[in-house]
Amino acid sequence: MTNNKNLAKPFLKWVGGKNQLLTQLETFYPPELKEGKIDQYFELFVGGGAVFFEIMQKYPIKKAFISDINPDLILAYKVIRDRAPELIEILSQLQTEYLNSNLEEQTNIFYQIRENYNKQRIDFNYDGGGCWGFPSISNHRVNNLSEESIKRVALIIFLNKTCFNGLYRTNKKGDFNVPMGRYKNPTICNSDNILKVSNLLKNVTIISGNYDIFTQYIDSTSLVYLDPPYRPISNTSSFTAYAKSSFNDDSQIRLSQYYQYLDQECQAKVILSNSDPRNTDSEDNFFDDLYAKYNIHRVSASRMVNSQASNRGKITELLITNY
Ligand SMILES: C[S@@+](CC[C@H](N)C(=O)[O-])C[C@H]1O[C@@H](n2cnc3c(N)ncnc32)[C@H](O)[C@@H]1O
């Protein structure tokens, strides 16, 4: 059995992270995965990548592809893959400075870094990280990540490890607006894990873009995992606020058409997760109608229904498979 302690783990805490669902999810993986018949793995809304890390380290995947529409998140994956030692150096300096400061100083450091991070985004050159536009696959290891990119990723990790709840949330303008958290001794630089992640990412194709960016490479030996922003399950929840653009019902419908394309044209094995609208309205058949042709499983999950801790409770989530 694999010792979980030695495995690379997600390096960012991400809203909608699947860590708690992994054991249940595993029971729904296609048998072909265990039989070694799946060569390629695609995770197209990768976020923190809990499922990606799990699958890559437990099954014999030959080629993996990850994407997300958030350019900063994708920059982080690329910098960890290609420039881990430099990133670790900056992060450990940040950690020493932060942990040697008193609360008032830490507060100043946090808000100064948040401000710098937001200001820098306005004219940041993500192309320096090969992010936007679709580079040819053979060109996906663009080693032109700028020093600025490495520093920016250090800020992203710093903010993620020190902000309230480790939540990634931006306002309408696209600014990161989570307040400071109250952790006593946050581990800002987990160098051991960063190096493990870097190693795991060595041959992974990483691109920032819409979820259909890898379509031409998906075939019958592929497993595709789709974990889109959840459809809000109550009027007050705002789980769609991951990035600037919101993922509304029209987006969910378009994604279901893409699911069908992956199933019928690419002949891939596809898993999609989403919130279950029946948690709040037993007659809401939105996903049951959209995915009527497929297998809809309801698994129990414990997650925040909205931002108030008092509303955390047992609810079900959907897992939709085409096998
Ligand atoms: C539910 S989260 C993924 C959580 C992830 N599975 C984890 O374990 O952390 C959804 C992700 O979809 C991304 N996203 C939103 N719209 C997208 C789009 N049109 N194409 C690709 N990614 C998108 C967001 O940036 C966010 O990271």
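Residues numbered from 1 in each chain as written. Predicted model: local features only at pLDDT ≥ 70, side-chain atom pairs only at ≥ 80, totals over all residues.

Q: Any chance you could explain the overall build of the protein here in plain terms?
A: From N to C terminus, the protein includes 9 helices and 7 strands. Burial status across the protein gives 36% buried among its 323 residues. (Helix = DSSP H or I, 4+ residues; strand = E, 2+ residues; numbered from the N terminus. Buried ≥ 20, exposed ≤ 12 C-beta atoms within 10 Å, placed from the backbone.)

Q: For this particular structure, what's the right way to read unusual backbone geometry?
A: In most cases, non-glycine residues show a negative phi, while peptide bonds are predominantly trans. If you check the backbone angles, Asn165 has positive phi at about 65 degrees while not being a glycine. Following the sequence through the fold, Asn165 ends up in the loop between α6 (147–162) and α7 (191–201). Notably, Gln267 is not glycine yet its phi reads approximately 60 degrees, a positive angle. By the secondary structure assignment, Gln267 is in the loop between α8 (249–264) and β5 (269–275).

Q: Explain the site of the ligand to me, please; I cannot follow it from the model alone.
A: Every one of the 21 residues lining the ligand counts as a neighbour, but Gly16, Phe45, Gly47, Gly48 and Ile69 are closest to it. For the shell around the ligand, a count of residues per class yields 11 nonpolar, 7 polar and 3 charged. (Near = placed C-beta within 6 Å. Nonpolar A, V, L, I, M, F, W, Y, C, P; charged D, E, K, R; others polar.)

Q: Honestly, α8 in this entry has me stumped. Any pointers?
A: What sets the pattern is the α-helix's 3.6 residues per turn: residues three or four places apart point alike. For α8, spanning 16 residues, the distance from its first C-alpha to its last is 23 Å, which sits close to the expected 22 Å at 1.5 Å a residue. By the burial criterion, the buried members of α8 are Leu255, Ser256, Tyr259 and Leu262. Buried residues of α8, seen end-on, are gathered within an arc of 115 degrees and therefore sit on one face of the element. Turned more than 90 degrees off the buried face of α8, the exposed positions are Asp250, Ile253, Gln257 and Gln264. On its buried face, α8 sits against β4 (222–226), β5 and α9 (286–290). (Expected span 1.5 Å × (residues − 1). Arc of directions from axis to C-beta. Contact = placed C-beta atoms within 7 Å.)

Q: What is the right way to look at the environment of Asn108 in this model?
A: With respect to the helices and strands, Asn108 occurs in helix α5 (residues 103–121). Each C-alpha atom, one on Asn108 and one on Met180, is 10.0 Å from the other, the two residues being 72 residues apart in sequence.

Q: Looking at this model, I keep getting lost on the confidence of the model for the protein. Mind explaining?
A: The predicted structure's coordinates, where accompanied by low pLDDT, should not be read in detail. With 87% of its residues at a pLDDT of 70 or more, the protein has an overall mean of 88. Below pLDDT 50 for its whole length, residues 129–139 participates in 24 contacts with residues either more than four positions away or in separate chains. The model gives residues 235–245 a pLDDT under 50, and that stretch makes 25 contacts with residues more than four places away or in other chains. (pLDDT = per-residue confidence, 0-100.)

Q: Sorry if this is basic, but what is going on with the packing of helix α4 (residues 71–99) against α7 here?
A: Relative orientation and spacing of two packed helices are given, respectively, by the angle between their axes and the distance between those axes. Interhelical geometry of α4 versus α7 gives an angle of 165 degrees and a closest axis separation of 8 Å. Between α4 and α7, the angle is such that the two are roughly antiparallel. Helix-helix and strand crossings are classified by hand; for α4 and α7 the assignment is left-handed. Contact residues: α4 offers Tyr77, Ile80, Arg81, Ala84, Leu87, Ile88 and Ser92, while α7 offers Ser191, Ile194, Leu195, Val197, Ser198 and Leu201. A class-by-class count of the residues in the contact of α4 with α7 yields 9 nonpolar, 3 polar and 1 charged. (Axes fitted to C-alpha atoms, helices over the stretch in contact; angles between N-to-C directions. Parallel < 35°, antiparallel > 145°, perpendicular 65-115°, else oblique. Left-handed = near helix turned anticlockwise from the far one by under 90°.)

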